[in-house]
Amino acid sequence: MTHDHTTHYQLAPCPTARRREALLHLAAVHDPAQQPALQQALTATKALPDTVWQGLWLATHGDHIEAAAWVQPLANQTAQLWLPRQLNTAAYSLLESLQGWVREQPIALCHVSLPTYLTAWEKPLTASGMRVLATLAHLVWPCQAIQPPQASFILLPLQALTQAEQLALLARVGEGSLDCPALREALPVETLLAGFHAQAACDISSTPSHWFRLGYQGESIGVLLLATHQPRWSLQLMGLVPEWRGKGIGRAIIQYAQALAAQAGALSLSLTVDGQNTPAQRVYAQAGLVEEGREVLLAWC
C-alpha cells in the first residue's frame with residue numbers, strides 16, 4: 001500500500017469485497033468496443049487461482065473509489081493493462097504505483113493498446129515509464145472467391161516440426177523484420193509463440209491445423225499462421241527467412257491465406273501490421289486489404 005501525499009489518495013490492491021465495484025471503474029466496462037475483450041478476460045479468470053486479482057488496484061479517497069486499473073496476467077510472464085475509466089489525477093497516481101508493483105512481479109512485459117480515440121492516454125502512460133513499441137494498422141479483406149497462386153513453394157503443416165524447430169524457424173523469420181522490431185526485442189520467441197497459441201485459442205502443446213511452414217526443395221523458407229475463428233479469420237504471422245525476402249513471394253503468401261479463408265466460408269480475413277512497415281503495407285494494399293483502424297502499443301518492459 002502507498003499514499004499520494006499531494007492528493008491524499010490511498011493506492012493499494014483491491015480488497016475482495018470491493019472487486020465488483022472496482023471493475024465498474026475500468027474504462028473497458030463503459031466502452032462497447034472493449035467490452036467483449038474484457039468479458040473474455042473475466043471469463044478466463046474463473047478457471048484461475050485468486051492470485052489473478054493481485055493486479056487489480058484502487059486509488060481511493062476516504063471510502064470512495066477515485067480510479068481502478070487491472071494488470072491481467074497472461075502467459076509466459078506477460079500481462080495486459082486495463083485502464084481506469086477516467087484520465088484524472090487519481091489515474092496518474094495509480095499508474096505510477098502499478099508500474100512499481102509490476103517491476104516487482106515476474107512480468108517481463110505489461111502492455112496496453114490505445115485506439116485513436118484513447119490517444120490522450122499516451123502521455124500519462126509514457127510518464128509512468130511505458131515505452132511506445134509500435135503503431136499498429138489493422139487491415140481487413142472481405143472474403144470473395146479467389147484461386148490459390150501458382151507459387152514455387154508449398155504449404156506444409158508446421159506441426160511436422162518439433163517445438164524446437166518451430167522456434168528456430170520463427171526466430172529466423174524475425175531476423176531483421178520491419179514488423180514491430182521493438183516488441184521482438186522485448187520478448188523472446190517462446191513468448192511470441194505462446195501469444196500466437198493464445199490468440200488461436202489452443203493449448204501450447206498442440207499446433208493449429210492452419211499453421212504452415214513454406215517449403216521449397218526440402219528447405220523451410222517462411223511461415224504462415226492463421227487463426228480460424230468463424231466468421232472472421234485473422235492472419236497472425238506471415239514472413240520469410242532473410243535470404244528469401246525481396247523476391248515477390250509475399251504477395252503469393254497473402255493470396256494463399258485469402259484462398260484458404262474464402263474456401264472455408266469466412267466472411268473476412270484481418271491482420272495487424274506495423275504502421276512503419278511500408279513494404280508489407282504495400283503488399284497488403286495490392287492484395288485488396290483496407291485499413292479499418294490504428295492503435296498505439298505501449299508496454300512496461
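That block above? That's the structure.
Computed from a predicted structure; not experimentally measured.

**Q** I keep staring at helix H3 (residues 89-103) and nothing clicks. Help me out?
**A** Think of an α-helix as turning once every 3.6 residues; residues three or four places apart then point the same way. With 15 residues, H3 should reach 21 Å at 1.5 Å per residue; the first-to-last C-alpha distance of 22 Å fits that figure. Every buried residue of H3 is accounted for by Ala90, Ala91, Ser93, Leu94, Leu95, Ser97, Leu98, Trp101 and Val102.

**Q** I keep staring at the pattern of salt bridges and nothing clicks. Help me out?
**A** Where charged atoms of side chains with opposite charge meet at close range, the side chains can pair. Applying the stated criterion across every chain, the model contains 7 salt bridges. The closest approach of N and O atoms between Asp63 and Arg18, which form a salt bridge, is 3.5 Å. Remark: Arg18 occurs in the loop between strand E2 (9-13) and helix H1 (19-23) and Asp63 occurs in the loop between strand E3 (56-61) and strand E4 (64-73); sequence separation between them is 45 residues. The class for Asp63 is exposed, based on a relative accessible area of 61%. Overlapping salt bridges, with partners in common, bring together Arg18, Glu21 and Asp63 in one network.

**Q** Just to check I follow, could you spell out the pairing of strand E6 (residues 109-115) for this structure?
**A** On a regular strand, one side chain projects to one face of the sheet and the next to the other, so that they alternate. Of all 7 residues in E6, 5 are buried; the element is thus mostly enclosed. Here 3 bridges tie strand E5 (residues 78-82) to E6, and the two strands are oriented parallel to one another. If you follow Ala79 over to E6, its bridge partner there is Cys110. Chirality of the crossover, the property in question, places the unit of E5, H3 and E6 among those that are right-handed. Pairing geometry for E6 and strand E13 (residues 290-300), over 6 bridges, is antiparallel.

**Q** It is not clear to me how helix H5 (residues 163-174) should be interpreted in this structure. Could you clarify?
**A** The end-to-end C-alpha distance of H5, which contains 12 residues, comes to 16 Å, matching closely the 16 Å that a straight helix rising 1.5 Å per residue would cover. Along H5, the residues that are buried comprise Gln166, Leu167, Leu169, Leu170, Val173 and Gly174. Buried residues of H5, seen end-on, are gathered within an arc of 165 degrees and therefore sit on one face of the element. The inward-facing, buried residues of H5 contact helix H6 (181-186), helix H7 (189-199), strand E9 (211-216), strand E10 (219-227) and strand E11 (232-240). Of the residues flanking the end of H5, it is Gly176, one or two places downstream, whose phi is positive at about 70 degrees.

**Q** Mind showing me how you'd approach unusual backbone geometry here?
**A** The phi angle of most residues is negative, glycine excepted, and most peptide bonds adopt the trans form. For the bond running from Gln230 to Pro231, omega is 0 degrees, close enough to zero to count as cis. For Pro231, the position within the fold is in the loop between E10 and E11. Backbone geometry at Asn76 places phi at a positive 55 degrees, although glycine is not the residue there. Mapped onto the elements, Asn76 comes out in the loop between E4 and E5. Exposure remark for Asn76: the relative accessible area of 36% places this residue in the partly exposed category. Phi is positive for Gln77, which is not a glycine, with a value near 60 degrees.

Conventions adopted
- Residues numbered from 1 in each chain as written.
- Predicted model: local features only at pLDDT ≥ 70, side-chain atom pairs only at ≥ 80, totals over all residues.
- Heavy atoms only, no water.
- Helix = DSSP H or I, 4+ residues; strand = E, 2+ residues; numbered from the N terminus.
- Expected span 1.5 Å × (residues − 1).
- Buried < 20%, exposed > 50% of the residue type's maximum accessible area, 1.4 Å probe, protein only.
- Salt bridge = Lys/Arg side-chain N within 4 Å of Asp/Glu carboxyl O.
- Pairing = 2+ DSSP bridges.
- Right-handed = clockwise from strand over helix to strand, strands pointing away.
- Arc of directions from axis to C-beta.
- Contact = heavy atoms within 4.5 Å.

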